[in-house]
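The primary structure of each chain is shown beneath.
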Amino acid sequence: MNEALLRSLTPSVLGVLVRRGADFAAAEDAVQDALVEAVRVWPGERPRDPKGWLVTVAWRRFLDATRAEAARRRREDLVHEEPTPGPVPAVDDTLQLYFLCAHPSLTPSSAVALTLRAVGGLTTRQIARAYLVPEATMAQRISRAKRTVSGVPFDQPGDVATVLRVLYLVFNEGYSGDVDLAAEAIRITRRLAVAIDHPEVAGLLALMLLHHARRATRTAPDGSLVPLAEQDRDRWDKGAIAEGVGILQGALARDRLGEFQAQAAIAALHADAPTAGETDWVQIVEWYDELVGLTDSPVVRLNRAVAVGEADGPRAGLNELASLSDTLPRRTAVAAYLHERDGDLPKAARLYAEAAHKAPTLAERDHLTRQAARINADLRN
Amino acid sequence: MAKYLLLKHYRGAPASVNDVPMDRWTPEEISAHMQYMQDFADRLEKTGEFVDGQALAPEGAWVRYDGEGRPPVTDGPFAETKDLIAGWMIIDVDGYDRAVELAGELSAAPGAGGKPIHEWLEVRPFLSAPPTVTE
């Protein structure tokens, strides 16, 4: 498949141009041009050395653009400073590109867009469609991002944690049309895992695979949400689960726990349960304890309260909720669920309706409204 | 062609005929309603009249400039607001009559008891660009 090959070659081709002395922004444009050219030409005859072909075409595009720019500014001397094209170096700069595209000077939305284009090899149009914004808007966001990082030295070591946060954002955006961002995030994270040996990179990749494995069962044919306990576990992707669990075990064995490994461990325990009733909630609570220690995030505490509710009963879960702020998103939905399990149906129905009112997505609002309606209908009968 | 905004209100519109909050419907009635809305949007896409549809959260705030060097003033959540928009659909149709016809269909979406809600929707024409031929 040409498109997959092209996209996988994008970061290393870009790395070659930058290493030869092209500035990042111009090199990135040139590589995009070369990708477009490849899509046009390759169906006829794919070159024997696809990467070399892309480097040659992209470098030519870069020189053309530089000459045009130089002519425009009447600064002929620029041309003389061009490095001469040489052989493609063996060193792979993919990792450096990940760092640059997730540079801390970028806003999260800029880092996401730049990563998808420069590392993922997606076109501006594809990225714009995925995020439901006009193409011109996305083009501006990407060129501003490139200007922001234009002064950053390419060989400066970066922070893996910032890269992981960007990839996590891409994955969580899910699926909103032409481009499957979750699959894209997995592909990019997989390449990162090849480029750097780091337990949290492995942890994030495992987390993504384990969640992705359940995707087909998370929504009903009419688009409504299906909660974890009601999903058809026979339709979970066993191959993705096995791969995720294997990657996670390798990471955990290195004894450098991080939040993504802990989250993946929780996902693995869910994946491991043949039925919802056989879920090992006690172990899940233990992993949430680890997560609280690592992040101390209120969202983690909220999820922990759900797990405690399953492990030790709804009253225990409600006790955990008591210390969490009312303004925490989804807290009311969790309270509704725990009260229902505790048998207080009128209160559960009222809380579900209130949670629907506060829901951050349409799918959740519909789901919570249905929960309220279901209980109210039962109470009437 | 002319663009119209069909506005749905949480508050501020006259009460609908079949005015029962959704959490008092049966789950099947909710499903029927969702399906009707989805079919309506799909049909407009096929006729080439659909432009956009979005839903808004009920929570929000008023914001205004408060002078040089000061952060904007905010007032909210919307507790005092009489009029609260829930969402919209933008359609591009041949004229006002078609816009009214479509708004009528949307308002017929089934609610409690499977009967049409008869919800009041606001139909607002867009101000368009000036025409090329002016005399």
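Given the structure is predicted, the values throughout are model-derived calculations rather than measurements.

Caption draft 1: Quick peek at the overall build of chain B. Along chain B, the regular secondary structure elements total two helices and six strands. Taken against the 2.2 N^0.38 rule, which gives 14 Å for 135 residues, the C-alpha radius of gyration of chain B at 18 Å runs more than 25% over that of a compact globule. Along the first, second and third principal axes, the C-alpha set of chain B runs to 55 × 50 × 25 Å. Burial analysis of chain B (135 residues in total) assigns 29% to the buried set. As presented, chain B carries roughly 8900 Å² of accessible surface, and 56% of it is formed by carbon and sulfur atoms. Of the charged side chains in chain B, 12 are positive and 23 negative; the average position of the first set lies 4 Å away from that of the second.

Caption draft 2: Local environment of the packing of aromatic side chains. This structure, assessed with the given rule, holds four aromatic pairs over all chains. Seen in terms of ring centroids, A:W59 and A:F62 are 5.1 Å apart; in terms of plane orientation they differ by 35°. Their pairing is tilted. Separated by three residues within a single helix, A:W59 and A:F62 lie in helix α3 (residues 50-73), roughly one turn from each other. Taking the centre distance of 6.3 Å and the plane angle of 55° together, the rings of B:Y4 and B:Y96 count as tilted. One end of the pair, B:Y4, is in strand β1 (residues 2-11); the other, B:Y96, is in helix α2 (residues 96-107), and 92 residues separate them in sequence. Judged by its relative accessible area of 8%, B:Y4 is buried. The class for B:Y96 is exposed, based on a relative accessible area of 52%. Above the face of the A:W59 ring, A:R20 is positioned so that its terminal group lies 5.2 Å from the ring centre. Stacked on the ring of A:W236, the Lys or Arg A:R214 has its end atom at 5.6 Å from the ring centre.

Caption draft 3: How the structure looks around the interface of chain B and chain A. Of the residues lining the interface, 14 residues belong to chain B; the matching set on chain A comes to 13 residues. Across the interface of chain B and chain A, roughly 1200 Å² is buried in total on both sides, 57% from carbon and sulfur atoms. At the surface where chain B touches chain A, the tally comes to four residue pairs in polar contact (both at pLDDT 80 or more). No other element matches helix α1 (residues 27-47) of chain B, which puts four residues into the side of chain B that touches chain A. Counted by class, the side of chain B that touches chain A contains nine nonpolar, two polar and three charged residues.

Caption draft 4: Layout of a negative patch on the surface. Taken together, the side chains of A:D272, A:D280, A:E286 and A:E290 make up a negatively charged region of the molecular surface. Relative to the helices and strands, A:D272 is located in helix α13 (residues 259-272).

Caption draft 5: Inspection of the UniProt feature "domain: RNA polymerase sigma-70 region" (unreviewed entry) in chain A at higher detail. The residues that UniProt annotates with the feature "domain: RNA polymerase sigma-70 region" (unreviewed entry) are residues 6-70 of chain A. Spanning residues 6-70 of chain A, this segment combines 82% helix with 0% strand, and its end C-alpha atoms are found 30 Å apart.

Caption draft 6: The packing of helix α1 (residues 2-19) of chain A against helix α6 (residues 108-119) of chain A, seen in detail. All names here are of chain A. Running from N to C, α1 and α6 cross one another at 95°; their axes reach a closest spacing of 7 Å. Viewed along their axes, α1 and α6 adopt a mutual orientation that is roughly perpendicular. Contacts between α1 and α6 involve R7, T10, P11 and L14 on the former and, on the latter, R117, A118 and V119. Here the contact of α1 with α6 is built from residues that sort into four nonpolar, one polar and two charged.

Caption draft 7: View of the environment of A:V285. All names here are of chain A. Among the structural elements, V285 can be located in helix α14 (residues 281-295). For the pair V285 and Q231, spaced 54 residues apart in the sequence, the C-alpha separation amounts to 21 Å. Excluding residues that lie within four positions of it along the chain, V285 makes contacts with R304, A307, V308 and A311.

Caption draft 8: Structural detail: the pairing of strand β5 (residues 84-93) of chain B. Residue and element names in this part refer to chain B. The buried fraction of β5 is high, at eight of 10 residues. By the bridge criterion, nine bridges tie β1 to β5 in an arrangement that is antiparallel. Paired with L6 across the strands is M89, a residue of β5. Here strand β2 (residues 50-55) runs beside β5; their pairing, made up of five bridges, is antiparallel. By the bridge assignment for β5, A55 is matched with G87.

Reading the values: the criteria
Residues numbered from 1 in each chain as written. Chains lettered and ligands numbered in written order. Predicted model: local features only at pLDDT ≥ 70, side-chain atom pairs only at ≥ 80, totals over all residues. Heavy atoms only, no water. Helix = DSSP H or I, 4+ residues; strand = E, 2+ residues; numbered from the N terminus. Rg over C-alpha atoms; globule rule 2.2 N^0.38 Å. Buried < 20%, exposed > 50% of the residue type's maximum accessible area, 1.4 Å probe, protein only. Areas by Shrake-Rupley, 256 points an atom, 1.4 Å probe, with all protein chains shown as cover. Lys, Arg positive; Asp, Glu negative; His and termini not counted. Charge placed at Lys NZ, Arg CZ, Asp CG, Glu CD. Phe/Tyr/Trp six-rings, centres within 6.5 Å; stacked < 30°, edge-to-face > 60°. Lys NZ or Arg CZ within 6 Å of the ring centre and 35° of its normal. Contact = heavy atoms within 4.5 Å. Buried area = accessible area lost by both parts, 1.4 Å probe. Polar contact = N/O pair within 3.5 Å; in protein donor to acceptor, adjacent residues only side chain to side chain. Nonpolar A, V, L, I, M, F, W, Y, C, P; charged D, E, K, R; others polar. Patch = residues over 30% accessible without salt bridge, like charges linked within 9 Å, V, L, I, M, F, W, Y side chains within 5 Å. Salt bridge = Lys/Arg side-chain N within 4 Å of Asp/Glu carboxyl O. UniProt positions renumbered as here; feature names shortened; annotations may be inferred. Axes fitted to C-alpha atoms, helices over the stretch in contact; angles between N-to-C directions. Parallel < 35°, antiparallel > 145°, perpendicular 65-115°, else oblique. Pairing = 2+ DSSP bridges.

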